[in-house]
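Examining the three-dimensional arrangement
Chain residues, written in single-letter form:
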Amino acid sequence: MTTVFQAIGCELGLESCRQVLRNLQSVQFGKAWKISPTTIGDRAMFRQKRFSITLTNQTQTNSISTQINNSTSKLIEYFDRSKKIVERLENSSNIHIATLGPKGTSSEAAACYLLKTLKKTPTSYLLFSSYEEACDNLSIGPANLLLVANAYKAIDKIYMNANLKLLLSFMWETPLYGLAKKKESQLVDDRPLKIATHHAPSSLIPWFSDKVVKSYKIVEVNSTSEAAIQVIKGDSDLCLTNMNAVDRYGLEFMSRLRPICMLWSVFALRKNQEDNFLFDLDLI
């Protein structure tokens, strides 16, 4: 017996279809059922917004249908809420985003992208030395939105902050990243090189350093721009940073380059403990 599910028409994209499958796969039916396609990344199938579930009896068909309906309802609810929030933000004249600085960070670039998407002045943002300081500014002003990269190692504390509510998330590709040095500088080879980096992209250092750096020591800093400043000051030999910071601080890349496709989350202050983040659209 095969049940075919058509995923919410054309309004839901690939990621939403994937989420339905993940929800379904969390239900334990043992070996009695399977999902086709078995690979979540089958883009051709998901573009058609359909997949099939093969079950061995009617009881399991009814059970999985309930799971589908519940997952679909939640996706529709979240999708509609996100559209309403974007509309409210577009119509608001009071948007000030707090995020990670200093100038040249990917967070700054993401804030500019968000403001442009919302048709706002691209300078309506404030930069701070840490996401925690940016978060604190929501309480004292003038910022009323907090933008955080989901790759940030302590983002769990922001999600769990009882005073914050998640408004929306979006995917955005950072400027190109790579290893950078001072222009026309010569790198030493008699010791490990110091590479300044923010924690989030540090796992990419082996990929960037392959065939260009023999040995290195990581110096962790608060942002990609701070990493660039470390090189300018002579405190580090290299930095893992993005193209915006390289241009701003007068460095040059010496490795291969790549962007980072990342999820970004936007938070606002919760007005009170009864403020339901799913339904309260009185944002700012």
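This write-up is about the structure you can find in this document. In this text, all values refer to a predicted model and were calculated from it rather than measured experimentally.

Some thoughts on the sheet that holds strand β9 (residues 193-198)
One open sheet holds the five strands; their spatial order is β10-β9-β11-β8-β12, and the pairing between them is mixed. Looking along the sheet, the strands with just one partner apiece sit at the ends: β10 (216-221) and β12 (251-253). This sheet shows a mean twist of 40° between the axes of neighbouring strands, independent of strand direction. In terms of strand pairing, β9 meets β10 through six bridges, oriented parallel.

Focus: the layout of surface pockets
Of the voids in this model, the second largest pocket is the one considered here, and its volume is about 190 Å³. Ala149, Tyr177, His198, Ala200 and Met262 are, among the 17 residues lining the second largest pocket, the residues nearest its centre. Where the lining of the second largest pocket is concerned, the elements lending two or more residues are α4 (106-117) and β13 (261-269). Counted by class, the lining of the second largest pocket contains eleven nonpolar, six polar and no charged residues.

Observations concerning helix α5 (residues 131-140)
For α5, the complete set of buried residues consists of Tyr131, Ala134, Cys135, Asn137 and Leu138. All buried residues of α5 lie within an arc of 150° about the axis, which places them on one face of the element. Exposed positions of α5 whose direction lies more than 90 degrees from the buried face are Ser139 and Ile140. Trailing α5 by a residue or two, glycine 141 shows a phi angle of about 80°, which is positive.

A short note on the sheet that holds strand β7 (residues 164-173)
Spatial ordering of the open sheet is given by β5-β4-β6-β13-β7, a layout of five strands whose pairing is mixed. The open sheet has two free edges, formed respectively by β5 (125-128) and β7, since each of these has just one partner strand. Averaged over neighbouring strand pairs, the angle between their axes works out to 25° when direction is ignored. Strand direction decides the pairing type here: β7 and β13, joined by nine bridges, are antiparallel.

The rules behind each value
Residues numbered from 1 in each chain as written. Predicted model: local features only at pLDDT ≥ 70, side-chain atom pairs only at ≥ 80, totals over all residues. Heavy atoms only, no water. Pairing = 2+ DSSP bridges. Helix = DSSP H or I, 4+ residues; strand = E, 2+ residues; numbered from the N terminus. Axes fitted to C-alpha atoms, helices over the stretch in contact; angles between N-to-C directions. 1 Å grid on protein atoms, 1.4 Å probe; cavity = no way out; pocket = protein on both sides within 12 Å on 5 of 7 lines; lining within 4 Å. Points joined across faces, edges and corners; volume = space filled by probe spheres on them. Nonpolar A, V, L, I, M, F, W, Y, C, P; charged D, E, K, R; others polar. Buried < 20%, exposed > 50% of the residue type's maximum accessible area, 1.4 Å probe, protein only. Arc of directions from axis to C-beta.

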